[in-house]
Amino acid sequence: MTVSSAPGKVYLFGEHAVVYGEPAVPCAIEVRAQVTAEQRTDGKLRVHADDLSLDGFTVEYDGTAGEHPHVDAPESLLMAATQYVDGAIEQVYDVTDEDDIGFDVTIESDIPLGAGLGSSAAVVVSAIDAATRELGVTLEPDEIAERAYRTEHAVQDGQASRADTFCSATGGAVRVEGDDCRAIDAPDLPLVIGFDGGAGDTGELVSGVRDLREEYDFAADTVETIGDIVRNGEDALAAGDLEELGRLMNFNHGLLSALGVSSRSLDSMVWGARDAGAHGAKLTGAGGGGCIVALDPTPETETALSFTPGCEDAFRAELAETGVKRLE
Ligand SMILES: Nc1ncnc2c1ncn2[C@@H]1O[C@H](COP(=O)(O)OP(=O)(O)OP(=O)(O)O)[C@@H](O)[C@H]1O
Ligand SMILES: C[C@@](O)(CCO)CC(=O)[O-]
Ligand SMILES: [Mg+2]
């Protein structure tokens, strides 16, 4: 039996635009998904995923492509719930060539689903690491990141960046532009998260931005302008200039909002943080609902968010220095 964990992330800058080759800067944070993998000799894949919003369920089905789980739940929900884990196991078979071996896979996660904190990447990264090690193969974080990216790319209909998966596999603050992925130095950032209790569908939100970008030149320009913000943000990050970082985060949020991926509750939390004196605040990840990230070294933002209508949870996030961790 093997156990691996991997962290979630927030985007300081650049989500969505990164899908079109602009740079982005995500930071891994200390909320983790943990995957336990154990071989089965009958070739079946059995997934225990008690934290899924499907009320918690256990599925058992053949790992054979096209075979559907025997669970009484709508097909679309099941597909959404299981495809990242299926994709991760396919990558494991691709690495090890042992596709007649099945697995018991157990997922435990502190990362809310579909909320912009990269739950999918953390689950895929930790599943690939645990299941390859269970078959005696240990991959470097860079290779886990590449294989996890292939999974996200397939599940998100061919529209995904390497940002979430690279960040989760390697930890720390990273910079991703196309296939150029690297670690960057970041000062200790006073990150505060607000969570509205909801979720957005990453695939759908990415498609929405793609359509706007194809329809309007000014939407394509907006995506490029997000890239300009990221380039400015890198200098502010290197200089440890929180005020400038916050100003650029505010600008980034405005452009994401223009691209249609914010929501009433995300905007309300962003304004709650700004009114409390945060240096800046923006939505993180795909949007549609879920989380915002603010910069504030004082307790004010966290307190204000806990009283903001639409905010269900507010907490401080620590940078996760380590990406994938091998626990057993
Ligand atoms: N605890 C979990 N157990 C099983 N599957 C999970 C778990 N957490 C996440 N997943 C998978 O990840 C999917 C959510 O991924 P999605 O990309 O939509 O959101 P996210 O990664 O949390 O947010 P974002 O991509 O915006 O950062 C779920 O539908 C499920 O397939
Ligand atoms: C919206 C997006 O940029 C980030 C989701 O966390 C999609 C991606 O990079 O694959
Ligand atoms: Mg995701």
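All values reported here derive from a predicted model rather than from experimental measurement. (Residues numbered from 1 in each chain as written. Chains lettered and ligands numbered in written order. Predicted model: local features only at pLDDT ≥ 70, side-chain atom pairs only at ≥ 80, totals over all residues. Heavy atoms only, no water.)

**With respect to the site of ligand 2**
Phase 1: Lining the immediate surroundings of ligand 2 are 13 residues, of which Lys 9, His 16, Ala 160, Ser 161 and Asp 164 lie closest.
Phase 2: Interatomic distance of 3.0 Å between a side-chain N/O atom of Lys 9 and an oxygen atom of ligand 2.
Phase 3: His 16 places a polar main-chain atom, nitrogen or oxygen, 2.9 Å from an oxygen atom of ligand 2.
Phase 4: Contact with the protein chains covers 97% of the free accessible surface of ligand 2, which is 300 Å². (Near = heavy atom within 4 Å. Polar contact = N/O pair within 3.5 Å; in protein donor to acceptor, adjacent residues only side chain to side chain. Areas by Shrake-Rupley, 256 points an atom, 1.4 Å probe, with all protein chains shown as cover.)

**Brief notes about the domain arrangement of the protein**
Phase 1: Domain boundaries in the protein define domain 1 (2-184) and domain 2 (191-317).
Phase 2: For domain 1 versus domain 2, the separation of C-alpha centres amounts to 24 Å.
Phase 3: On the domain 2 side, the residues contacting the 27 residues of domain 1 number 40 residues.
Phase 4: Among the residues of domain 1 in contact with domain 2, Phe 13, His 16 and Tyr 20 are the three that bury the most area, contributing 27% of the side total.
Phase 5: Between domain 1 and domain 2 we count three salt bridges in total.
Phase 6: The salt bridge partner of Glu 15 is Lys 282, with a shortest N-O separation of 2.9 Å.
Phase 7: Scanning the region where domain 1 abuts domain 2 turns up 14 residue pairs in polar contact (both at pLDDT 80 or more).
Phase 8: Per element, the largest residue contribution to the side of domain 1 that touches domain 2 is five residues, and it comes from strand E1 (residues 2-13). (Domains from an automatic or database assignment. Contact = heavy atoms within 4.5 Å. Buried area = accessible area lost by both parts, 1.4 Å probe. Salt bridge = Lys/Arg side-chain N within 4 Å of Asp/Glu carboxyl O. Helix = DSSP H or I, 4+ residues; strand = E, 2+ residues; numbered from the N terminus.)

**A short note on the side chain of Asp 104**
Phase 1: Relative to the helices and strands, Asp 104 resides in strand E5 (residues 102-109).
Phase 2: At 3.1 Å, the side chain of Asp 104 forms a polar contact with the side chain of Arg 40.
Phase 3: Setting aside chain neighbours within four positions, we find Asp 104 in contact with Thr 36, Ala 37, Glu 38, Arg 40, Arg 46 and His 48.

**What about the sheet that holds strand E10 (residues 291-295)?**
Phase 1: What the four strands build is an open sheet, ordered E9-E10-E8-E11; its pairing is antiparallel. In the strand order of this sheet, the two ends are held by strand E9 (280-283) and strand E11 (313-317), each with one partner. Each strand axis lies, on average, 20° off the axis of its neighbour in the sheet, ignoring direction.
Phase 2: When strand E8 (residues 191-195) meets E10, the two strands line up antiparallel, connected through five bridges. The residue of E10 that forms the bridge with Phe 195 is Cys 291.
Phase 3: Sitting on the sheet, helix H7 (residues 242-258) touches E9 and E10, and the angle it makes with E9 is about 35°. (Pairing = 2+ DSSP bridges. Axes fitted to C-alpha atoms, helices over the stretch in contact; angles between N-to-C directions.)

**Some words on the packing of aromatic side chains**
Phase 1: Throughout the structure, instances matching the rule amount to two aromatic pairs.
Phase 2: Where Tyr 216 meets Phe 218, the ring centres are 4.7 Å apart and the plane angle is 20°; that geometry is what we call stacked.
Phase 3: Across from the ring centre of Tyr 149, 4.0 Å away, lies the NZ or CZ of Arg 162, which sits over that ring.
Phase 4: Sitting over the ring of Trp 271, Arg 274 keeps its end group 4.7 Å from the ring centre. (Phe/Tyr/Trp six-rings, centres within 6.5 Å; stacked < 30°, edge-to-face > 60°. Lys NZ or Arg CZ within 6 Å of the ring centre and 35° of its normal.)

**Here's the deal with the pattern of salt bridges**
Phase 1: Evaluation of the coordinates by the stated rule reveals 20 salt bridges.
Phase 2: For Arg 231, the salt bridge identified is with Asp 228, shortest N-O distance 3.1 Å. In this pair, Arg 231 and Asp 228 are both assigned in helix H6 (residues 217-239), three residues apart and thus about one turn of the helix distant.
Phase 3: Assessed through its relative accessible area of 38%, Asp 228 is described here as partly exposed.
Phase 4: Put simply, Glu 244 and Arg 247 hold a salt bridge, and the shortest N to O gap is 2.5 Å. In this pair, Glu 244 and Arg 247 both sit in helix H7, three residues apart, roughly one turn of the helix.
Phase 5: The exposure class assigned to Arg 247 is partly exposed, which follows from its relative accessible area of 48%. (Buried < 20%, exposed > 50% of the residue type's maximum accessible area, 1.4 Å probe, protein only.)

**Details of the nonpolar core**
Phase 1: One finds Leu 12, Phe 13, Phe 103 and Leu 191 to be the most contacted residues of the largest nonpolar core, which totals 93 residues.
Phase 2: Of the residues that make up this core, three or more belong to each of domain 1 (2-184) and domain 2 (191-317).
Phase 3: Setting aside its immediate chain neighbours within four residues, Leu 191 contacts Val 10, Leu 12, Ile 29, Val 293, Ala 294, Leu 295, Phe 315, Arg 316 and Ala 317. (Core = buried A, V, L, I, M, F, W, Y, C linked by side-chain atoms within 4.5 Å.)

**Some words on the environment of Ile 229**
Phase 1: When you line up the elements, Ile 229 lands in helix H6.
Phase 2: For Ile 229, a relative accessible area of 5% gives the class buried.
Phase 3: Taking the C-alpha atoms as reference, Ile 229 lies 9.5 Å from Ala 24; in sequence the two are 205 residues apart.
Phase 4: With residues near it in sequence (within four places) discarded, Ile 229 still touches Phe 13, Leu 248, Phe 251, Asn 252 and Leu 255.

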